[in-house]
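Here is what each chain is made of, one letter per residue.
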Protein chains: 2
Amino acid sequence: MNTVQEIIDHAENSCKTRGSKLTSKRKCVLSALLQSNKAMSAYELVDYCKQVYDKTLPPMSVYRILDFLQEEHLAHKLNMANKYIACSHITCSHGHGVPQFLICNNCQQVKEISVNESTIDTLKHDIEQAGFQMASPRLEINCLCGPCSDKAS
Amino acid sequence: MNTVQEIIDHAENSCKTRGSKLTSKRKCVLSALLQSNKAMSAYELVDYCKQVYDKTLPPMSVYRILDFLQEEHLAHKLNMANKYIACSHITCSHGHGVPQFLICNNCQQVKEISVNESTIDTLKHDIEQAGFQMASPRLEINCLCGPCSDKAS
DNA sequence: CCAAAGAATGATATAAGGTATCATTCGATA
DNA sequence: TATCGAATGATACCTTATATCATTCTTTGG
């Protein structure tokens with residue numbers, strides 16, 4: 001497990017390598033995603049940066065920064081929830097299977113897992129049978145996390 | 001393949017059986033979903049009903065009707081796209097595997113397929129390993145449909 | 001047949017997510 | 001240090017969605 005600061009440092013280096021810059025505001029948004037450790041909407045990020053870091057960011061800037069972070073593979077958008085999360089593999093140098101997101105319907109906690117590659121291949125095959133191409137094999141799956149599912153029962 | 005009218009008749013009967021009513025406005029929205037044969041937003045449905053059926057429905061009503069149609073298993077919401085589609089199995093009496101939605105990122109066309117049950121079981125198993133419970137095994141998958149993927153290449 | 005109750009729909013306001021556009025500021029580089 | 005491009009700010013507006021209260025329609029019991 002890495003500290004937020006370590007991850008930020010790593011992200012900064014990886015941006016440098018790719019010829020882009022992790023500015024202070026971009027760091028701020030990324031830190032917020034890392035520290036909160038859950039999926040957040042753009043407007044929640046505005047509030048979080050204001051309250052926790054005392055940085056006032058207009059929503060428009062947050063959206064732009066989120067776009068940037070996604071391009072740099074530092075964050076992902078969860079389309080089903082209209083929220084954003086930090087990529088959980090920022091500090092890894094090795095390649096990964098495509099991430100699958102488990103979204104807790106109750107508390108919005110998100111877990112990023114890699115499923116068995118052959119499962120995805122099977123799915124892909126079924127999809128191609130139907131005449132479609134998978135645009136992104138990244139799945140977002142409606143779930144309940146352990147604690148929330150315990151409470152519900 | 002059934003005509004829209006046949007599907008509507010079938011839906012009306014199934015509502016009657018379940019003790020609810022498929023009113024004329026509800027029919028209108030369902031017809032729009034069936035005729036257009038694609039995923040539509042609530043506001044697109046407002047426009048469609050106005051232009052094609054000359055029925056003026058306020059957005060609020062359309063949302064309520066969409067909720068109703070979902071309760072009756074006549075329509076589904078696609079969370080990733082914030083759009084709605086008619087269930088493709090309205091006229092079927094037998095049970096189905098859980099539907100998976102293939103959404104064309106380009107033209108919004110949606111195909112509802114059933115994937116191999118064991119694939120879903122595997123996925124479910126992986127998810128439980130991660131300490132989560134699948135809330136709905138219904139997946140929404142970012143795709144390109146045949147025509148759009150041809151154009152793109 | 002009529003009144004009352006409940007379901008369905010309408011009208012209005014507003015929240016939340018997101019984008020387009022133009023202005024301004026910051027920062028590297030010549 | 002002047003300048004050019006990248007980053008950020010400000011403003012306006014669009015789309016999706018919900019909350020709330022009013023009105024209409026439809027049963028159904030008397």
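Conventions we followed
Residues numbered from 1 in each chain as written. Chains lettered and ligands numbered in written order. Predicted model: local features only at pLDDT ≥ 70, side-chain atom pairs only at ≥ 80, totals over all residues. Heavy atoms only, no water. Near = heavy atom within 4 Å. Polar contact = N/O pair within 3.5 Å; in protein donor to acceptor, adjacent residues only side chain to side chain. Helix = DSSP H or I, 4+ residues; strand = E, 2+ residues; numbered from the N terminus. Nonpolar A, V, L, I, M, F, W, Y, C, P; charged D, E, K, R; others polar. Contact = heavy atoms within 4.5 Å. Pairing = 2+ DSSP bridges. Axes fitted to C-alpha atoms, helices over the stretch in contact; angles between N-to-C directions. Domains from an automatic or database assignment. Buried area = accessible area lost by both parts, 1.4 Å probe. Least-squares fit on C-alpha atoms with pLDDT ≥ 70 in both.

1. What about the protein's contact with DNA strand C?
Close to DNA strand C lie 16 residues, the nearest being M60 of chain A together with T23, K25, S61 and R64 of chain B. In this structure, N82 of chain A approaches DNA strand C through a side-chain N or O atom, which is 3.0 Å from a phosphate oxygen. Within the side chain of S61 of chain B, an N or O atom sits 2.8 Å from a phosphate oxygen of DNA strand C. Elements with a contribution of two residues or more to the surface near DNA strand C: α4 (59-71) of chain A together with α2 (24-36) and α4 (59-71) of chain B. Across the surface near DNA strand C, the residue classes tally to seven nonpolar, four polar and five charged.

2. Description of the environment of C28 of chain A
Residues and elements named next belong to chain A. For C28, the location among the structural elements is in helix α2 (residues 24-36). For the pair formed by C28 and Y84, sequence separation is 56 residues and the distance between their alpha carbons is 14 Å. Residues contacting C28, with those up to four places away along its chain left out, are C49, Y53 and K55.

3. Overview of the sheet that holds strand β5 (residues 132-134) of chain B
Pairing is mixed in the open sheet, where four strands are placed in the order β4(A)-β3(A)-β6(A)-β5(B). Both edges of this open sheet fall to β4 (110-114) of chain A together with β5 of chain B, since each of them pairs with a single strand only. Shown here is a sheet whose adjacent strand axes are inclined to one another by a mean of 45°, direction ignored. Where strand β3 (residues 99-104) of chain A meets strand β6 (residues 140-145) of chain A, four bridges bridge the pair, whose relative direction is parallel. Bridge pairing links L102 of chain A to I141 of chain A in β6 of chain A. The strands touched by helix α5 (residues 117-129) of chain B are β3, β4 and β6 of chain A together with β5 of chain B; relative to β5 of chain B, the strand with the most contacts, the crossing angle is about 155°.

4. A closer look at the domain arrangement of chain A
All names here are of chain A. Per the domain assignment, the segments making up chain A are domain 1 (4-86) and domain 2 (99-152). A C-alpha centroid distance of 23 Å is found between domain 1 and domain 2. The interface of domain 1 with domain 2 comprises eleven residues on the first partner and eight residues on the second. With both chains or domains summed, domain 1 and domain 2 bury close to 870 Å², and 60% of this area falls on carbon and sulfur atoms. Our enumeration of links across domain 1 and domain 2 arrives at three residue pairs in polar contact (both at pLDDT 80 or more).

5. What to know about the relation of the copies chain B and chain A
Mapping chain B onto chain A calls for a rotation angle of 180° and an axial translation of 0.0 Å; the resulting RMSD is 0.1 Å. The superposition of one copy onto the other is thereby described by a two-fold rotation axis. No C-alpha of chain B approaches the rotation axis more nearly than that of M80 of chain B, which lies at 2.2 Å. Of all interface residues in chain B, 100% are interface residues in chain A too; the two copies therefore contact each other through one and the same surface.

6. Some thoughts on the sheet that holds strand β5 (residues 132-134) of chain A
In spatial order, the strands read β5(A)-β6(B)-β3(B)-β4(B); together these four strands make up an open sheet with mixed pairing. Each edge of the open sheet carries a strand with a single partner, namely β5 of chain A together with β4 (110-114) of chain B. Sheet twist, expressed as the average angle between the axes of neighbouring strands with direction ignored, equals 45°. Pairing between strand β3 (residues 99-104) of chain B and β4 of chain B: five bridges, direction antiparallel. Residue pairing for β4 of chain B: L102 of chain B is matched across the bridge by K111 of chain B. The strands that helix α5 (residues 117-129) of chain A touches are β5 of chain A together with β3, β4 and β6 (140-145) of chain B; relative to β5 of chain A, the one it contacts most, it runs at about 155°.

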